[in-house]
Amino acid sequence: MMNKDRGVIKWTSMMLPEHLELLREFKNTDYIVPPKELTEWELDELQQTIDHAMNQQLDVKLSVWMDGKVIYFTGLIKSINFNTNQLILETLLNTKHIPLQLIQSAQLEADYYD
């Protein structure tokens with residue numbers, strides 16, 4: 001007969017609730033990525049790529065900082081609302097309203113440059 005090793009599960013019953021809570025907090029904060037500070041050059045390049053993608057109606061891949069992590073969205077830029085500072089991106093499934101200040105980078109999905 002072989003013993004089953006339950007790994008970490010066997011130790012959690014011996015831990016104090018305070019320790020378990022601290023371990024959960026540590027695990028959650030371990031994956032938080034701070035937003036990247038963009039340089040003037042990076043902001044100019046970002047603006048040019050977004051303008052080009054919107055004017056030519058090309059697919060663009062945006063990396064957006066949200067809730068401590070970078071999320072990627074791909075789609076067509078329909079418009080930019082400067083009153084709310086949001087970019088309206090139409091993806092395959094729905095329309096996203098992305099705050100401009102959270103966009104970290106933009107990349108055209110294919111080589112459409114002349």
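Starting from 1, residues in each chain are numbered consecutively following that chain's sequence as written. Totals for whole chains, interfaces and linings use all residues, but because this is a predicted model, local features are given only for residues with pLDDT of at least 70 and pairs of side-chain atoms are given and counted only at 80 or more. The side-chain values count all of the structure's non-hydrogen atoms but skip hydrogen atoms and water molecules.

Any Lys or Arg side-chain nitrogen found within 4 Å of a carboxyl oxygen on Asp or Glu counts as a salt bridge. With the rule as written, the count across this model stands at two salt bridges. A salt bridge links E21 to R24, with the shortest nitrogen-to-oxygen separation between them at 3.4 Å. A residue pair is termed a helical-turn pair when its members lie 3 or 4 positions apart in one helix, as E21 and R24 do in helix 2 (residues 17–29) at three residues. For R24, a relative accessible area of 48% gives the class partly exposed. The closest approach of N and O atoms between K36 and E42, which form a salt bridge, is 3.1 Å. Comment: elements are numbered from the N terminus, with helices defined as DSSP H or I runs of at least four residues and strands as E runs of at least two. Here the term buried applies to any residue with accessible area under 20% of the maximum for its type, exposed to any over 50%, and partly exposed to those in between, with areas from a 1.4 Å probe on protein chains only.

Nine residue types can take part in a nonpolar core, namely buried Ala, Val, Leu, Ile, Met, Phe, Trp, Tyr and Cys, and a core is a set of them joined through side-chain atoms within 4.5 Å. Counting 17 residues, the largest nonpolar core has I50, V60, L62, L87, L89 and I103 as its most contacted members. In contact with I103, not counting residues within four places along its chain, are L38, L46, I50, L62, S63, V64, L87 and I98. Any two residues having at least one pair of non-hydrogen atoms within 4.5 Å are treated as being in contact.

This part covers the packing of aromatic side chains. Any pair of Phe, Tyr and Trp rings, taking the six-membered ring for Trp, is counted once the centres come within 6.5 Å. Such a pair is stacked with planes under 30 degrees apart, edge-to-face with planes over 60 apart, and tilted for the rest. In this structure the tally under the stated criterion is zero aromatic pairs. Residue placement shows K61 over the ring face of Y72; its charged tip is 5.0 Å from the ring centre. We count a charge as sitting over a ring when the NZ of a lysine or the CZ of an arginine lies within 6 Å of the ring centre and within 35 degrees of the ring normal.

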